[in-house]
Amino acid sequence: MAHLTVDIGGRPGVDCRGFCEYCYFKHVGEVEPFGCRYCLPFKVGCDYCTRGVKEQYSGFKPLSTVADDTLAQLQMIGDDLSRITISGGGDPSCYPEFRDLVEILGSMGVPLHIGYTSGKGFDDPEIADFLVDNGLSEVSYTIFSADPERRRRYMHDPTPEASLAVMRRLCEKIDVYAAAVVIPGVNDGEDLEQTCAWLDEAGAKGLILMRFANSTDQGLILGNAPIIPGQQVESVEAFRDRVTDLNARFSLKISGTPLWDPEIGSPFAILQEPDLLARLPRVRGKASVVSGTVATPFIQQVLDACGGGCRVVPVQKEIACLITIDDLAALDLADLEEAVVLPGRSFVHDRQAAEVLGRDGTVRAVLRGPEMLTADAETSMGMRKEEVLQMELDGFAALIHLINQNG
Ligand code: SF4
């Protein structure tokens, strides 16, 4: 069963009717290429870690280009297509030929998904029926707040009433996963409760809350922190408790990132499953496993449950996937073994990492760990618990094999 992704291009902030106040792509300047898992061994920087990560496209692609790309992909896939997803750096609702695009894709008779929309480009509620008639079956839709004035003020949505009306109609007919970045003092507290109630009543499938980040250690690696100067930020723990509380009080599924999915118990749901922990290979090697501050205690617990002897070393970055070479440079090398495992998706070039981690004269083997050890809330939202646990089993088995082979 193949999935087709239709990339419409576009730039965040520019091709979505102007930057939302909280957009993580705001103020992005010139940043040196980070290096990543896709780079060639002799060159720091590839298309992904120089352009892709900044969503640095040149603008929306013309419909003719999108159609040609789609056709080329279809020829490779054959007729085993089960889903089409529209995605891009810009917002699909602002794509100038959106209706034509949806009609073309709808004519294929395959369920259509919109990977992400803010809805800012929807000015007429009627478009909801048009989308459903053309096969839209799932959408991830930013609500931010059910209060139109907050959407107008913080998302710069010129027609918030229409955007919310579209969302409500879609909720009645298809799977809608709502999303909101939670900014303390803006759309938290009573306003967030009203938003949850609005979504519950409308029939949304779920709501993903994202804790607002405002500093480099919280994950803003594009040289653009702070996004909102002076804005207060909630601690990860307080945010997790907020998610737990809201999920218990409303019937739609509410989860959060970086923590957590209360229904599944992820990230790292495997910690509550002794039988599954027992199925993982035993740790026999010695390596330092580098991670972010949020994941470190969880990964340490899993490795300890599998025999222990490996230390998980946190850098000053909350999210492991957003670790850069600066974070490695700040580590105390005396804490590190001669084999060091980096998060698979970290933005670090392996050769540079080996140089930085060998500054004390000890040659350290730099190993790249699995892409994912668990599912964040965006990943787990449409998943079953067994699927998340399988993902964690696979990820940790791969990590432990890597340690045992090299440590
Ligand atoms: S709609 Fe999304 S990409 Fe566009 S400015 Fe808002 S947060 Fe950024």
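The structure presented is a predicted model; accordingly, all values stated were derived computationally and were not measured. (Residues numbered from 1 in each chain as written. Predicted model: local features only at pLDDT ≥ 70, side-chain atom pairs only at ≥ 80, totals over all residues. Heavy atoms only, no water.)

Trainee: What is the right way to look at the pairing of strand 1 (residues 2-7) in this model?
Mentor: Note on strand geometry: in a regular strand, side chains alternate between the two faces of the sheet. Only one face of strand 1 is buried: it carries A2, L4 and V6, and the other face, with H3, T5 and D7, is open. In the sheet, strand 1 pairs with strand 2 (residues 81-87) via six bridges, with the strands oriented parallel. Paired with T5 across the bridge in strand 2 is T85. (Buried < 20%, exposed > 50% of the residue type's maximum accessible area, 1.4 Å probe, protein only. Helix = DSSP H or I, 4+ residues; strand = E, 2+ residues; numbered from the N terminus. Pairing = 2+ DSSP bridges.)

Trainee: Teacher, can you tell me more about the side chain of T85 here?
Mentor: Within the secondary structure, T85 sits in strand 2. With residues up to four places along the chain from it excluded, the contact list for T85 reads L4, T5, V6, H113 and G115. (Contact = heavy atoms within 4.5 Å.)

Trainee: Even after reading the chapter, I still don't get the packing of helix 2 (residues 63-77) against helix 3 (residues 98-106), so can you show me in this structure?
Mentor: Packed helices, taken two at a time, are described by their axes: the angle between them and the distance between them. Look at helix 2 against helix 3: their axes get within 11 Å of each other, and the N-to-C directions meet at 20°. Between helix 2 and helix 3, the crossing angle belongs to the class labelled roughly parallel. For the pair helix 2 and helix 3, the sense of crossing is right-handed. Seen from helix 2, the contacting residues are L63, V66 and T70; seen from helix 3, they are D100, L101, I104 and L105. (Axes fitted to C-alpha atoms, helices over the stretch in contact; angles between N-to-C directions. Parallel < 35°, antiparallel > 145°, perpendicular 65-115°, else oblique. Left-handed = near helix turned anticlockwise from the far one by under 90°.)

Trainee: So what exactly am I meant to see when it comes to the site of the ligand here?
Mentor: If you check the shell around the ligand, you find P12, G13, C16, G18, F19, C20, C23, Y116, S118 and K120 and nothing else. For the shell around the ligand, the per-class residue count stands at six nonpolar, three polar and one charged. (Near = heavy atom within 4 Å. Nonpolar A, V, L, I, M, F, W, Y, C, P; charged D, E, K, R; others polar.)

Trainee: Would you mind showing me how to read the nonpolar core here?
Mentor: One recurring pattern in soluble globular proteins is that nonpolar side chains are buried together. Ranked by size, the top nonpolar core spans 54 residues in total, and within it L101, I143, M167, L170, L199, L207 and L209 carry the most contacts. Sequence-distant contacts of L199, defined by excluding residues within four places in its chain, comprise I143, M167, A178, A204, L207 and L252. The next biggest cluster of nonpolar side chains, apart from the first, holds 32 residues, and it includes L277, A295, V388 and L393. (Core = buried A, V, L, I, M, F, W, Y, C linked by side-chain atoms within 4.5 Å.)

Trainee: Help me out: how do you make sense of the sheet that holds strand 3 (residues 112-117) in this one?
Mentor: In sheet architecture, strand pairing relies on hydrogen bonds along the backbone and comes in two forms, parallel and antiparallel. Read across the sheet, seven strands follow the order 1-2-3-4-5-6-7 without closing on themselves; strand pairing throughout is parallel. On the outer flanks of this sheet lie strand 1 and strand 7 (253-257), each paired with one strand and no other. Here the average twist between neighbouring strands, direction ignored, is 15°. Here five bridges tie strand 6 (residues 206-211) to strand 7, and the two strands are oriented parallel to one another.

Trainee: What is the right way to look at the sheet that holds strand 9 (residues 311-314) in this model?
Mentor: Strand order in the open sheet made by the four strands is 9-8-10-11, with parallel pairing throughout. Looking at strand neighbours, the two that pair on one side only are strand 9 and strand 11 (365-368), the edges of this open sheet. Sheet twist, expressed as the mean angle between neighbouring strand axes with direction ignored, is 30°. Contacting strand 8 (288-291), strand 10 (339-342) and strand 11, helix 14 (residues 385-406) runs over the sheet at an angle of about 160° to strand 10.

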